[in-house]
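Letter by letter, the chains look like this.
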Amino acid sequence: MKKFFKILFLIILFSILILWLVKKFLLTHRYQVKYYNEDKIEKDIVITFNGIYGTEKQLRFIDEKLAEDGYSVVNIQYPTVDDRIVEMTDKYIVPTIDEQIKKLNEINLERKAKSLPELKINFVVHSMGSCLIRHYLKEHKLNNLGKVVLISPPSHGSQLSDNPIADLLWYFIGPAVADMKTDENSFVNQLGNPDYPCYVLIGDKSNNFLYSMFIKGEDDGMVPLSTAKLEGFPLKTIENTTHTSILEKQETVDEILKFLNE
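Source: prediction; values computed, not measured.

Undergrad: Before we go on, may I ask you to explain unusual backbone geometry in this structure?
TA: Residues apart from glycine generally show negative phi values, whereas peptide bonds are mostly found in trans. Although it is not a glycine, S115 sits at a positive phi angle of roughly 60°. Position of S115 relative to the elements: it lies in the loop between α3 (85–113) and β4 (121–126). With relative accessibility at 67%, the residue S115 sits in the exposed group. Residue N240 is not a glycine yet carries a positive backbone phi of 60°. By secondary structure assignment, the location of N240 is in the loop between β7 (235–238) and α10 (250–261).

If you want it as structure tokens, here you go:
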């Protein structure tokens, strides 16, 4: 019996070590801000940022295409495993938006003197990033707000967050996972419906059958299509794409540009 408990203890210890290493080296990414067309702002600003465990690289295809179309793009890569959504927003999102608001106000004063139309700030965000921007816009009034594109958003949560295993492993997978539960009292379900122009894009294909086992109905591997919807706002399914592959498809860019340019 002693030998059994010794082996069990070693297995648990080894599992905790593996989980810690995964968190430290695979799920944790440093805070950084990347700019496109920073010194030539003649079109709207678009701020983009990732979802949970995401990186700047995931949004690079979209960022580069938006920059090619003339937009000034600001990408925020932020750590996602140490804080709740409110804390992440205050630490990493608010400072960059404040910086861009200040810059845009100065530019718009110059444009007004030249009888040119004012420029706006738009947002293109992925997955959990949609929760951060919805929280931000609920708490802050943006006078020059343009449009918001939510890609693969857990607008009303995901059953993956409901799983009891997620509660047990919160230290390793991040406390923000609990903010995206599907019950009506969860953080994401208290954000309310947006009062600004919004467009939802989501994939229809899962590349993770294990995750899909816990999700009701059709999903993109992480988010149920049914909970991505926001009442009163258009939703477009990008066919044959998953939760992350949607970020690298030209059709996704085409839909974003069409919405922003309307």
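Undergrad: Would you mind going over the nonpolar core with me for this structure?
TA: Generally speaking, nonpolar side chains in soluble globular proteins are found buried as a group. I47, F49, F123, M128, I133 and V148 are the most contacted members of the largest nonpolar core, which has 44 residues in total. Residue assignment for this core shows that the elements contributing at least two residues are β2 (45–49), β3 (72–77), α3, β4, α4 (129–139), β5 (145–151), β6 (198–203) and α9 (225–228). The element contributing the most residues to this core is α3, with eight residues. Ignoring sequence-local partners within four residues, the contact set of I47 consists of V74, I76, I97, Q100, I121, N122, F123 and V124. Grouped together as the second largest cluster of nonpolar side chains are 21 residues, V149, Y199, L247 and L257 included.

Undergrad: What is the right way to look at the state of the cysteines in this model?
TA: By definition, a disulfide links the sulfur atoms of two cysteines through a covalent bond. Taken as a whole and assessed by the stated rule, the structure comprises zero disulfides. Considering cysteine sulfurs only, C198 is the nearest to C131, which forms no disulfide, with 12 Å between them. Relative accessible area serves as the criterion here: at 0%, C131 is assigned to the buried category.

Undergrad: Could you clarify how one ought to interpret helix α2 (residues 60–68) in this entry?
TA: Owing to its 3.6 residues per turn, the α-helix brings residues three or four apart onto one side. Looking at α2, one finds that the buried residues are I62, D63, L66 and A67. Taken down its axis, α2 places every buried residue within 130° of arc, on the same side. If you follow the buried residues of α2, they end up packed against β1 (32–36), β2, β3, β4, β5 and α10. Immediately downstream of α2, the backbone of G70 shows phi near 105°, a positive value.

Undergrad: What is the right way to read the packing of aromatic side chains from this model?
TA: What describes a pair of aromatic rings is the distance from one ring centre to the other and the angle between the planes of the rings. Tallied over the entire structure, the rule returns five aromatic pairs. A centroid spacing of 6.1 Å and a plane angle of 80° characterise the contact between F49 and Y78, whose relative ring orientation is edge-to-face. Residue F49 is located in strand β2, and its partner Y78 is located in the loop between β3 and α3; the two are separated by 29 residues in the primary sequence. Of the residues examined, F49 reaches a relative accessible area of 0% and is grouped as buried. On the basis of an interplanar angle of 45° and a centroid distance of 5.2 Å, the ring pair of Y199 and F259 is categorised as tilted. With Y199 in strand β6 and F259 in helix α10, this residue pair connects regions lying 60 residues apart in the sequence. For the pair Y199 and F259, a shared accessibility class is recorded, and that class is buried. These aromatic residues form a ring-pair network of at least three members: W170, Y171 and F172. Above the plane of the ring of Y71 lies K43, whose end atom (NZ or CZ) is 4.4 Å from the centre.

Undergrad: When you look at the pairing of β5 in this model, what are you seeing that I'm missing?
TA: When you tally the buried positions in β5, you get seven out of seven residues, the bulk of the element. Relative to β5, β4 runs parallel, the two sharing five bridges. When the bridges of β5 are listed, H126 appears paired with I151.

Undergrad: Which parts of the structure should I look at to understand the pairing of β2?
TA: A regular strand places its side chains on the two faces of the sheet in alternate fashion. By the criterion of burial, β2 is predominantly enclosed, with five of the five residues buried. Residues I45, I47 and F49 of β2 are buried on one face, and the alternating residues V46 and T48, pointing to the opposite face, are buried as well. Where β2 and β3 come together, five bridges link them in parallel fashion. By the bridge assignment, I47 is partnered in β3 with V74. Note that the unit made of β2, α2 and β3 has a crossover that is right-handed. Pairing geometry for β2 and β4, over five bridges, is parallel. Its bridge partner lying in β4, V46 is registered against N122.

Rules used throughout
- Residues numbered from 1 in each chain as written.
- Predicted model: local features only at pLDDT ≥ 70, side-chain atom pairs only at ≥ 80, totals over all residues.
- Heavy atoms only, no water.
- Helix = DSSP H or I, 4+ residues; strand = E, 2+ residues; numbered from the N terminus.
- Buried < 20%, exposed > 50% of the residue type's maximum accessible area, 1.4 Å probe, protein only.
- Core = buried A, V, L, I, M, F, W, Y, C linked by side-chain atoms within 4.5 Å.
- Contact = heavy atoms within 4.5 Å.
- Disulfide = S-S within 2.5 Å.
- Arc of directions from axis to C-beta.
- Phe/Tyr/Trp six-rings, centres within 6.5 Å; stacked < 30°, edge-to-face > 60°.
- Lys NZ or Arg CZ within 6 Å of the ring centre and 35° of its normal.
- Pairing = 2+ DSSP bridges.
- Right-handed = clockwise from strand over helix to strand, strands pointing away.

Honestly, that's just the spatial picture; any functional story needs more than this.
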